[in-house]
Structure formats: C-alpha cells, structure tokens
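# Structural characterization, general
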Amino acid sequence: MTTHVRGKHHKEMAEATSSTRSVASYYRPQTSQSVIEAESLWSKFVVKHNLSFQTSDHATKLFRRMFPDSEIARKFSCGHTKVAAVIKEALAPHYLEKTLRDMSKFFSVLMDESNDKTDKSCIILVRIFDAEVGDIRTRFLDMPVVNIGIASNLFAALKESLQSNGLDFNKCMAFMSDTTNVMKGCRSGVQSLIKRECPDVLDVGCICHLADLTIKAGMGTLPVDIDQLFIDVFYYFYHSSKRKQQFTDLWCSLFTSEPKAIIKHCATRWLSLLRCIGRFLHQFDGLKSYFLSCDEAETSKVVSIIRRLENPLTKPLLLFLSFILPSMDRFNRLFQKSTEVTTCQLYSEMSRLVRLFASNILKSDTIRSVDNLSHLSLARKDQLDDENLGVGTDTWAYLSAMEEDSDPKPFYTAVRNFYVATLKKMLKKFPFGDSILNDLGVINPEQVCAYSVDTVKSLATRFPQLELADSEALDQLQEEFMDFTLSPGDHPSVETYKSATGHKPRCGVFWHEVGKLTTLDGQPRFPCLVKLMIGLSTIPVSNADCERGFSVLRKIHTDQRPSLKQSTIISLMAIKFNSEECCFDSE
C-alpha cells in the first residue's frame, strides 16, 4: 500500500480526482415554491402589461440589486427564454384547460376575422358558465390564421379548433358574428354551414352592428354629410403643426379657455359619432371663424369644409343629433358588456328604443294601437306636426334665435327623413319576429314568474343541447318551475345579486345560487331549471367581445414586437382574456 501511494500512477489519479466535480453538482437543487411563484407572477405581469420578453433579462438582475437581502430575489432567474416557456407551457395551458372544463356542458361561439393586410387572424371566443366565478363569462379559445377568408375556410377553422380541443359541436347553443355575408349568408355563409351540421344552433345577429346600421340609414338622409365633415376637419389639422397653432391662437383671441383636441371620427366604431358631435359643437364657432379667415380658403378641401360649416342646417342638425343619439349610445353600451347577461333584456330594450324614437315623430295613439311593433305605421298622417317633433331643448332654442327670414321647413323635413329612415331600418333589421328572443326574458329573475310553464318547456325543447327535451326531463322541469314560482320566499333575494350599476340582477350569479338549494334529503332542488336558465344565459346578443379581442391583439402584436409567433400570440391572448385576477395575484 505504501509503495502504491508513492507511485506515479496513484499521484496522477489523486490529482485528477481533486479537480473533478462531484456527480451531485450536476443536479440543481429543487427550486423553492416561493421562487416559482415569483417567476410565475413576473411572467403574468409581462403578459398583462404587454412588455417585451427581453425586459426580463434586466429584471432578474434588477431585482437582485433592489432586494439584496431577499433569498427569493437571489434565486430568482427568469430571462426572456424562461418567461416565454412559462407563458406558453404553463400559464396559457392552465387557463385554457379551465375554459375547456367549463365548456364540457354547453357553450356559445363568437367569431370574427381581422382585416389585417398581412396574416388574417380569425378570433374564436366562447361564452360559458364559469364555475369558479359563478357567472357567465366570455373566454378565448383559439385564433387560427385564415388568409383566404371564404365561408368554407372559416367554418373549417372553427370546426378544427373545437375538435382539436375535444369539444362537441352539438353542445353549442348559439353562434354570434358580425352581419357580413361571409358570416351570415343564408346559402353559403358560416352560419348556414353550421346549421347543416348542427341545426339546433341559434343564429343571433349582433344587435350592436344592427343598431349602428339603423343610425347610418338615418344619417344618410341628412342634407349635410356630418361624417365626412368630421373626417375632413380632423385630417386637415392632423398633419400640420402650423395649422394647429394658428387655430389655437385664433381660439385664444376669441375665448378665454384653451381649445380642446379635435377628435378623430371612425365610422366603424359604434360610440364614436356622439362623442365627436359634442366636441364639434363646442368648437363650431371657432372652427368656422378659422376656416373663413385661413390662407388656404380657396383650396378645394377648405372650400368643401366652409360650404358645410356655412350651411344653415349644419348646426341645428348637430344639436338635434346630440339630443337623439344618447339613447342609441345607451342601448349600444348595454349590449357591449361582457360580464353581464343581457340576453333577457334584448327584446324589451329593442321595443323600448323603437318606441322612444317613434315618440319623437309619431302620434301617441299610433304607437299604442299596435301590439306588434313591426306593424308600426310611419305614414305622414300618423306623424306629429313640425312644432311637436322631438328635436331637443337646445335645438328649439337655436331655431327660436335664428333670424326671422330663415325658413325652418328644410330642417323639419331633414328631421322627418332621419326618423323615418332610422325607424324603417329598425323594424326591418331588429329581430322582432323571433319569438325565442321574447321568451328569453324568462332568464331575468325579476320576470320569471310572469312566464308560463309552456314557455319554459318550449325553450327546453328548442335547445336539445341541454338534454332536457325528453318527456321525463320535461316533467321534472315543469315540477321545478312550478315549485320555484309558487315559493318565492324559499329562493335567494334578487336584490342581493344586483349588477355593479345597481339596476339589473346578475342573472348568472342568481341562478348559480338557486342551484345550491337542496331538498331535505340533500338533493338539488332545481337541477333542471337551473341548467336551463344557465344554458340560455350563455346565448350572446352582441359581437362586441370579438371587437374587444382585436383591440387586445393590437396591443400585443405591435411594431415593437413584429416577430412574435402565432403560437405565442395565442398564448398571450388566452392569458389576457381568460384570467380575471390582477397581475400581482396568484392562484
């Protein structure tokens, strides 16, 4: 042994061993749960605030510098590669899995395609009952690229998305999209292709698109092109700092306040018009003075603007529109909400809007005489006299202050044409003939007792997706409905589940609480009734969530992040759409 130890071979091996890392050093110690949570929270923060993944490379070093005494900060290691992995392999699958779990019973589909000049994304959302939230929610499902946006390709993309996620098309309650021919075409649109495969899917047109079309119909009859006036004025100043300064100087010489920014009017944005009208009326006199005195008064564009500003009908028409459009804006805002069930309010709110518009031009007896608003007469003999037309207090005050030689007749004619065109479009486009929409009012806890058991059974039969259409289920549903309506003291108070506005009950939350009621032996008391009500609550009435989704997409896929892969974008969309907690909250 002594000879071996002194030998050359042993000394070489001993030296090699001393410089060799042990096997244990090749295995990383298990990361603590606190560090994992910190890295997950940071990844979610990156998603929620649309930060570049590269930010994470510096954040890791920054946290160690900021918190030198923190063990979590010392072990925190989350660069851009790891952030991308956490987002795509952990967070996004987690939130999508929750959505798919809630879709296993029934759901509705919302779909829209982008108009991008590069790859055209087709956003697919689903409206479901979220068991954890206890209410109806719209969630992100998929966003395939469909560059050739014909109906067959869009339908194939939708079908592939559902099948790849293990979803049954026969569980779909309704399909919602915009009102374009490729989506709603009765022969070859996406809706017709869905009907061939699943005839029980309800076709609901986007009420916000339809309402916008009715206003466009009325605006098209006005003798002054208000939309184009707003657009021309905005772009006249948009590219010239000199013109902006000249207008500011003129305004300050005429008024004591600073001029407000000129708002861009976008005809495709439903709530843009009224906001622009209010701002334009505030600036009307200043703009008119500027264009009449500007150096470019002889150019064709400025001549066109001056001609419309000097038109004696322009300002009273703007005042009139500022009077009538708030009711349409309120209607539109109501049905753009994504976190409240407004399905039960659609029929009553459509009727209310039509009556409101009609009351400004038609005699009260004419409106009261019809039970079905689609039969409303718009004949001249049924209209109000000029002095009784609904145009607003400010408009009447302006007309009264006009010079005596001014003839108000053209204004009254323009107002009549606006009302008639708008009402005709409403009566044609609004789905008053769909009895199902009227029956969906039964979802509203405040109105459920006003409906008959036949209505409830009819809805259950109309939607076999809910598996309540057989005779045994219908008998049980009838028993539960009668039990519910005849024992109002036993179920939750509607007042407890008012929405944030305090006006309407949150239907999904209410029926979820009713589902928790049990009999004396511990069995659910209203299982079939609750299933029906929650299933009907998933039916959307607006495509606003898809439009909102494209707004989210524009914040994700920016000029500063042009190289994001489609799979990464889908993961980011899934997290932003499907997680409701704040970026600093963890599950």
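What counts and how
- Residues numbered from 1 in each chain as written.
- Predicted model: local features only at pLDDT ≥ 70, side-chain atom pairs only at ≥ 80, totals over all residues.
- Heavy atoms only, no water.
- Core = buried A, V, L, I, M, F, W, Y, C linked by side-chain atoms within 4.5 Å.
- Buried < 20%, exposed > 50% of the residue type's maximum accessible area, 1.4 Å probe, protein only.
- Contact = heavy atoms within 4.5 Å.
- 1 Å grid on protein atoms, 1.4 Å probe; cavity = no way out; pocket = protein on both sides within 12 Å on 5 of 7 lines; lining within 4 Å.
- Points joined across faces, edges and corners; volume = space filled by probe spheres on them.
- Helix = DSSP H or I, 4+ residues; strand = E, 2+ residues; numbered from the N terminus.
- Nonpolar A, V, L, I, M, F, W, Y, C, P; charged D, E, K, R; others polar.
- Axes fitted to C-alpha atoms, helices over the stretch in contact; angles between N-to-C directions.
- Parallel < 35°, antiparallel > 145°, perpendicular 65-115°, else oblique.

### Looking at the nonpolar core
Within the largest apolar cluster, 153 residues are counted, with the highest numbers of intra-cluster contacts made by Phe291, Leu321, Phe357, Phe418, Phe430, Trp511 and Met573. Setting aside residues up to four positions removed in sequence, Phe418 forms contacts with Ile215, Gly218, Met219, Thr221, Leu222, Phe320, Leu321, Ile324 and Phe357. By size, the runner-up hydrophobic cluster in this structure holds 26 residues, among which are Phe155, Cys172, Val190 and Ile194.

### A short note on empty space enclosed by the protein
Scanning the entire structure with this criterion turns up four cavities of 30 Å³ or more. In this structure, the largest cavity occupies an estimated 180 Å³ of space. Lining the largest cavity we find 17 residues, and of these Asp212, Ile215, Lys216, Trp270 and Leu273 sit closest to its centre. If one sorts the elements of the lining of the largest cavity by residue count, helix 10 (residues 207-219) sits on top with five residues. Per-class residue counts for the lining of the largest cavity are 10 nonpolar, two polar and five charged.

### Quick look at the layout of surface pockets
Its boundaries defined by the atoms lining it, the largest pocket holds a volume of some 1300 Å³. Asn115, Glu547, Phe550, Ser551 and Arg554 are, among the 37 residues lining the largest pocket, the residues nearest its centre. A total of seven residues in the lining of the largest pocket trace back to one element, the largest contributor, which is helix 25 (residues 544-556). Across the lining of the largest pocket, the residue classes break down as 11 nonpolar, 13 polar and 13 charged.

### Here's the deal with the packing of helix 11 (residues 226-238) against helix 12 (residues 241-254)
The geometry of helix 11 relative to helix 12 is characterised by a closest axis approach of 6 Å and an angle of 110 degrees between their N-to-C directions. Compared by their axis directions, helix 11 and helix 12 come out roughly perpendicular. Taken together, the residues of helix 12 that come into contact with helix 11 (itself represented by Tyr236, Phe237 and Tyr238) are Arg243, Lys244 and Phe247. Looking at side-chain class alone, the contact of helix 11 with helix 12 contains four nonpolar, no polar and two charged residues.

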